[in-house]
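# Close look at the chain arrangement
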Amino acid sequence: MAPATESGLVFEVQTLTSKIVAPDGTPVEKPVEIRTDPVTGRTCRVTYARAAEKETGTAALPEPPPAAADREACPFCRPQMNRRTPTLAADLADADRLEKGNSVLFPNLFPYGRYSAVSLFDDRHFVEIGKASRQSYTDSFHNCRRYLKRVHASDPAAVYMAITQNHLPSAGGSLVHPHLQVHADRCPPNHLRFLEQRTNDYHARTGRGLFSDYLSCEREAGSRLIGQTGNWHWMAAFAPEGFFEIWGILPGICSLFGLDADHWNCLSQGVLNTQQFYRSLHRNGYNLGLLAIETAGSRLEIRVRILARSNYAPWVRNDHTGYEVMLGDMATFNAPEETAALARPFFSKDL
Ligand SMILES: [Zn+2]
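For the structure given in this document, a descriptive report is provided here. (Residues numbered from 1 in each chain as written. Predicted model: local features only at pLDDT ≥ 70, side-chain atom pairs only at ≥ 80, totals over all residues. Heavy atoms only, no water.)

## Some words on the coordination of the zinc ion
What counts, and what does not: Note that water is not among the atoms considered, so a metal site may appear incomplete; the donors listed are N, O and S atoms within 2.8 Å of the metal, with 3.2 Å applied to Na, K and Ca. Under this scheme a four-donor centre is tetrahedral when all angles range from 85 to 135 degrees, a four-donor centre is square planar and a six-donor centre octahedral when opposite donors are above 155 degrees with the rest from 65 to 115, and any other centre is irregular. Accessibility here uses a 1.4 Å probe with only protein chains present; expressed as a share of the type maximum, an area under 20% marks a residue as buried, one over 50% as exposed, and anything in between as partly exposed.
Within the protein, the zinc ion binds to Cys74 (SG), Cys77 (SG), His125 (ND1) and His177 (ND1); these donor distances fall in the range 2.1 to 2.4 Å. What the 4 donor atoms of the zinc ion show is an angle range of 101 to 122° at the metal, which sorts the shape as tetrahedral. Counting gaps between the donor residues of the zinc ion yields the pattern C-x2-C-x47-H-x51-H. Cysteine 77 matches cysteine 74 in its accessibility class, with the two residues each being buried.

Rendered as structure tokens:
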């Protein structure tokens, strides 16, 4: 077990062994780690023995899905986008859709909450993981920010905000066309509600930012640090709740509206670096999440989470088994310190 750091954050690892008799009659002990996330207090498992299992569909990067070849059926492809996607309500914009570079933002036809939009990036109908341009991501993030600013001006109570991405159906994506989802609501989803409480409590107790202190601990430890893009600091999650989970922390900033052009550009670079890392592992599905609480007193510093999902390929198993769904602990197969070591080369290039 790791000792409490100066900040009081505890990076706890319990190691246990499971004793079994191997098929050849040899007694063996299989190590399992239980790690506790210092931010959430949630536990996860690192089940090292399962790394030896053959993971279907990861021998090579899977072929693009059939929908990748069907532009005509895609409501996000032009010219049909203009007649098949909804337009913004009059109180949010004076235009039907928001445009920035080649990014277009419009409401989600199937909203998740009070404010739910889709921000396209890249002109191509299908972009493989790690192959989008940095500028297209940056433009799309800018559009998300513009939309959220307008929501904030129109409905100041809708302070719980997020930008997410589902790359391919195995990660929850319904259309392959490159896009981000943008969310704002008066009612916080679970993670935002919990993080609001945790970061407020931490600040009241210490006078400091929880993620700033988390980053300081990780800088001291070093083993999970991956790299930096501008002011974004990238690291493997200590207690991952997804495979090869990577965090990007922007210390000291608690509002998406406080990010300038360079911040978005450097975020895009980190996202693409991570995608290229996943691509090197032959992973084609992933999720991204960037959460914020847009109140003057918010203590939730900006952090992006990115994790690989099950590959989208025939007969690949889901990464959430009965263990994750019913017991609530994620069970990954490799050490976060190994994730960091494998990811570092993809962050070694300068902007
Ligand atoms: Zn398309």
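Now, onward.
## Here's the deal with helix α4 (residues 210-221)
Note the following rule: Note on conventions: DSSP H or I runs of at least 4 residues are helices, E runs of at least 2 residues are strands, and numbering of each starts at the N terminus. Multiplying 1.5 Å by the residue count of a helix minus one yields the expected span of that helix.
In this model α4 runs 17 Å from its N-terminal to its C-terminal C-alpha over 12 residues, within 8% of the 16 Å that 1.5 Å per residue would give. Looking one or two residues past α4, glycine 222 carries a phi angle of roughly 80°, positive in sign.

## Digging into the nonpolar core
Heads up, the condition is: The definition of a nonpolar core used throughout is a set of buried Ala, Val, Leu, Ile, Met, Phe, Trp, Tyr and Cys residues joined through side-chain atoms within 4.5 Å. The contact criterion used is simple: two residues touch if any of their non-hydrogen atoms lie within 4.5 Å.
Counting 80 residues, the largest nonpolar core has Tyr147, Ile163 and Trp232 as its most contacted members. The dominant element in this core, judged by the number of residues it contributes, is helix α5 (residues 261-280), at 7 residues. Each residue touching tryptophan 232, except ones within four places of it in the same chain, is listed here: Gly227, Gly248, Ile249, Leu250, Leu259, His263, Cys266, Leu267, Leu290, Ile302 and Val304. Among the nonpolar cores identified, the runner-up in size contains 8 residues, and Phe76, Cys77, Val104 and Val118 belong to it.

## Some thoughts on the sheet that holds strand β2 (residues 27-36)
The pairing of strands in a sheet comes from backbone hydrogen bonds and takes either a parallel or an antiparallel form. Heads up, the rule is: Being paired, for any two strands, means DSSP has found at least two bridges between them. All axes here are fitted lines through C-alpha atoms, helices being fitted over the stretch that makes contact, and every angle between N-to-C directions spans 0 to 180 degrees.
Pairing is mixed in the open sheet, where 4 strands are placed in the order β1-β2-β3-β14. The open sheet has two edge strands, β1 (12-21) and β14 (330-332), and neither has a second partner. The sheet shows a mean angle of 25° between the axes of neighbouring strands, taken without regard to direction. Relative to β14, strand β3 (residues 43-47) runs parallel, the two sharing 3 bridges.

## Looking at the packing of helix α3 (residues 190-206) against α4
Rules: With respect to orientation, any angle under 35 degrees is reported as roughly parallel, any angle over 145 as roughly antiparallel, any angle of 65 to 115 as roughly perpendicular, and every other angle as oblique. Nonpolar residues are Ala, Val, Leu, Ile, Met, Phe, Trp, Tyr, Cys and Pro. Charged residues are Asp, Glu, Lys and Arg, and all others, Gly as well, are polar.
The N-to-C vectors of α3 and α4 enclose an angle of 75°; their axes lie 9 Å apart at closest approach. Relative to α4, α3 is oriented roughly perpendicular. Of α4, the residues touching α3 (which contributes Leu195, Arg198, Thr199 and Tyr202) are Leu210, Phe211 and Asp213. Considered class by class, the residues forming the contact of α3 with α4 number 4 nonpolar, 1 polar and 2 charged.

## Thoughts on the pairing of strand β12 (residues 286-293)
Among the 8 residues in β12, 8 count as buried, and that is most of the element. Burial of β12 is two-sided: the residues Tyr286, Leu288, Leu290 and Ala292 facing one way and the residues Asn287, Gly289, Leu291 and Ile293 facing the other way are all buried. Note: strand β7 (residues 160-167) against β12, 8 bridges, orientation antiparallel. Among the inter-strand pairings, glutamine 165 is bridged to a residue of β12, identified as leucine 288.

## So, a nonpolar patch on the surface
Quick note on the threshold: Patch construction takes residues with relative accessible area above 30% that form no salt bridge. Like charges are linked within 9 Å, and nonpolar side chains (Val, Leu, Ile, Met, Phe, Trp, Tyr) are linked within 5 Å. Only the protein chains shown count as covering a residue, and every accessible area follows the Shrake-Rupley method with a 1.4 Å probe. Each salt bridge in this description consists of a side-chain nitrogen of Lys or Arg and a carboxyl oxygen of Asp or Glu lying within 4 Å of one another.
A cluster of nonpolar side chains, contributed by Val325, Met326 and Leu327, occupies part of the molecular surface with about 360 Å² of accessible area. Take methionine 326: it is sitting in helix α6 (residues 322-327). Accessibility expressed as a relative area gives 67% for methionine 326, which makes it exposed.

## Looking at the environment of phenylalanine 347
For phenylalanine 347, the location among the structural elements is in the segment after α7 (336-343). Measuring from C-alpha to C-alpha, the distance between phenylalanine 347 and glutamine 269 comes to 8.9 Å, with 78 residues separating the pair along the chain. Those residues in contact with phenylalanine 347 that lie beyond four places of it in its chain are Ile226, Gly227, Thr229, Trp234, Gly270, Asn273 and Thr274.

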